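Chains, contacts and geometry: an overview
In case you want the letters, here they are:
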Amino acid sequence: MKDTQMDALFQEAQRAAAFAYAPYSNFHVGAALLAEDGTVFSGCNVENRSFGLTICAERNAVVQAVAHGKRSFTALAISTPDSAEPVGPCGACRQVLSEFMPPEAPVRFAGSGPNRVDTTMGELLPYDSLHDLTKG
Ligand code: THU
């Protein structure tokens, strides 16, 4: 994947972060998934006064995409503008993302500062039961 494509995907994540409903944490998160056919689906975190019901940006993006018939993603970008440093996806989101992304799929996350992390789904969730068990 070209760096410019990842830059564009990250911009979509930044746009989505602006829509976050985060009155309790004040921590806005945006995620953007690139589907195999080139379409992009984004999501933001949606909090709730019953804190445990909060939906993360990454899982929001996944359910948006699946609800539109997309189940295979080639890249993910995550924006956390309220932190200077990059913040990676939570464990629950890694598990859900791995259902629909191959281990080699690139993942980028960054905050508002200059640092960013460029990694892969497989690095975020190694020894993944789904991918390892289907290897044959
Ligand atoms: N959050 C996400 O949306 N994605 C992450 O990967 C980390 C955390 C949200 C959940 C909550 O609304 C806020 O960030 C603070 O944890």
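Predicted, not measured: the structure shown is a model, and the values here were computed from it. (Residues numbered from 1 in each chain as written. Predicted model: local features only at pLDDT ≥ 70, side-chain atom pairs only at ≥ 80, totals over all residues. Heavy atoms only, no water.)

Further remarks concern the packing of helix H2 (residues 57-67) against helix H3 (residues 91-98). The geometry of a pair of packed helices is captured by two quantities: the angle between their axes and the separation between those axes. At their nearest, the axes of H2 and H3 sit 9 Å apart, and the two run at 25 degrees to each other. Relative to H3, the element H2 lies roughly parallel. H3 is crossed by H2, and the crossing has left-handed handedness. Between H2 and H3, the contacting residues are Glu58, Arg59 and Val62 on the first element and Ala92, Cys93, Val96 and Leu97 on the second. Considered class by class, the residues forming the contact of H2 with H3 number five nonpolar, no polar and two charged. (Axes fitted to C-alpha atoms, helices over the stretch in contact; angles between N-to-C directions. Helix = DSSP H or I, 4+ residues; strand = E, 2+ residues; numbered from the N terminus. Parallel < 35°, antiparallel > 145°, perpendicular 65-115°, else oblique. Left-handed = near helix turned anticlockwise from the far one by under 90°. Contact = heavy atoms within 4.5 Å. Nonpolar A, V, L, I, M, F, W, Y, C, P; charged D, E, K, R; others polar.)

Moving on to the layout of surface pockets. Volume-wise, the largest pocket comes out at about 190 Å³. Lining the largest pocket are 15 residues, with Phe27, Val29, Asn45, Cys56 and Glu58 sitting closest to its centre. For the lining of the largest pocket, the class distribution of residues is eight nonpolar, five polar and two charged. (1 Å grid on protein atoms, 1.4 Å probe; cavity = no way out; pocket = protein on both sides within 12 Å on 5 of 7 lines; lining within 4 Å. Points joined across faces, edges and corners; volume = space filled by probe spheres on them.)

Applying the stated criterion across every chain yields a total of seven salt bridges. Among the salt bridges present, the one from Arg15 reaches Glu12, with a minimum N-O distance of 2.8 Å. Highlighted residues: Arg15 and Glu12, both in helix H1 (residues 3-17), separated by three residues, approximately one helical turn. Several salt bridges converge on common partners, so that one network encompasses Asp3, Asp7, Arg108, Arg116 and Asp118. (Salt bridge = Lys/Arg side-chain N within 4 Å of Asp/Glu carboxyl O.)

On to the sheet that holds strand S2 (residues 40-44), then. Strand order in this open sheet of five strands is S2-S1-S3-S4-S5, and the pairing throughout is mixed. Two strands bound the open sheet, and with one partner strand each, they are S2 and strand S5 (116-120). Strand-to-strand, the axes of this sheet are offset by a mean angle of 15 degrees, without reference to chain direction. Across five bridges, the pairing between strand S4 (residues 106-110) and S5 is antiparallel. When the bridges of S5 are listed, Val107 appears paired with Thr119. (Pairing = 2+ DSSP bridges.)

A few words on unusual backbone geometry. At Asn26, a position not held by glycine, the phi torsion is positive, near 55 degrees. As for its position among the elements, Asn26 is in the loop between H1 and strand S1 (30-35). The residue Tyr127 is not glycine, and still its phi comes out positive at about 50 degrees. Its location among the elements puts Tyr127 in the loop between helix H4 (121-124) and helix H5 (129-133).

Attention shifts here to the packing of aromatic side chains. Evaluation of the coordinates by the stated rule reveals two aromatic pairs. The interplanar angle of 45 degrees and the centroid separation of 5.6 Å between the aromatic rings of Tyr24 and Phe51 together place this pair among those described as tilted. Taken together, the positions of Tyr24 in the loop between H1 and S1 and Phe51 in the loop between S2 and H2 put the pair 27 residues apart, joining distant regions of the chain. Assessed through its relative accessible area of 59%, Phe51 is described here as exposed. (Phe/Tyr/Trp six-rings, centres within 6.5 Å; stacked < 30°, edge-to-face > 60°. Buried < 20%, exposed > 50% of the residue type's maximum accessible area, 1.4 Å probe, protein only.)

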